[in-house]
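# Survey of secondary and tertiary structure
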Amino acid sequence: MLQLIGLSHLANKELFLLALIATCASFAVGWIMDLIMRNVGFGNFGNTFICLMGILGGLFLYNRFYGRLASPDIAMVMIFVIGAVMILLVILSITRRFLRM
């Protein structure tokens, strides 16, 4: 799994920092999206899970198009947040569209 998303070269400390940043970013984005989309969202934990899937997708796409990450830095946090928000917005908009029909 780590090789697929391009993180197999990182040390254990860097992987722990990466997991901590990813978890905190997904909780924050999930909470904010739960405040914005009150009745249509998936709740805090559902949004957090979807955000984590967005983070993994963002890491995979970054590895695919830009190469491996050297170390956890601010660019990686931006990848986390952008990937999480995009995946969550797509899923919430699809859900909202089907609930109106």
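In short, a report on the structure.

## So, helix 1 (residues 12-36)
Helix length check: helix 1 (25 residues) gives 36 Å between terminal C-alpha atoms against 36 Å at 1.5 Å per residue, within 8%. When we look at burial in helix 1, the residues that qualify are L15, L18, A22, A25, S26, V29, G30 and M33.

## A few points about the nonpolar core
The biggest cluster of nonpolar side chains holds 16 residues, and the ones touching the most others in it are V29, M33, I55, F80 and L88. Counting residues per element, the ones that place at least two in this core are helix 1, helix 2 (43-66) and helix 3 (74-100). Element by element, the count of residues in this core is highest for helix 1, at 6 residues. With residues up to four places along the chain from it excluded, the contact list for I55 reads A22, S26, F80 and A84.

## Some remarks on helix 2
Between its terminal C-alpha atoms helix 2 stretches 33 Å, which fits the 34 Å expected from 24 residues at 1.5 Å a residue. Along helix 2, the residues that are buried comprise N47, T48, I50, C51, G54, I55, G58 and L59. Looking one or two places after helix 2, you find G67, whose phi comes out positive at around 100°.

Definitions and cut-offs
Residues numbered from 1 in each chain as written. Predicted model: local features only at pLDDT ≥ 70, side-chain atom pairs only at ≥ 80, totals over all residues. Heavy atoms only, no water. Helix = DSSP H or I, 4+ residues; strand = E, 2+ residues; numbered from the N terminus. Expected span 1.5 Å × (residues − 1). Buried < 20%, exposed > 50% of the residue type's maximum accessible area, 1.4 Å probe, protein only. Core = buried A, V, L, I, M, F, W, Y, C linked by side-chain atoms within 4.5 Å. Contact = heavy atoms within 4.5 Å.

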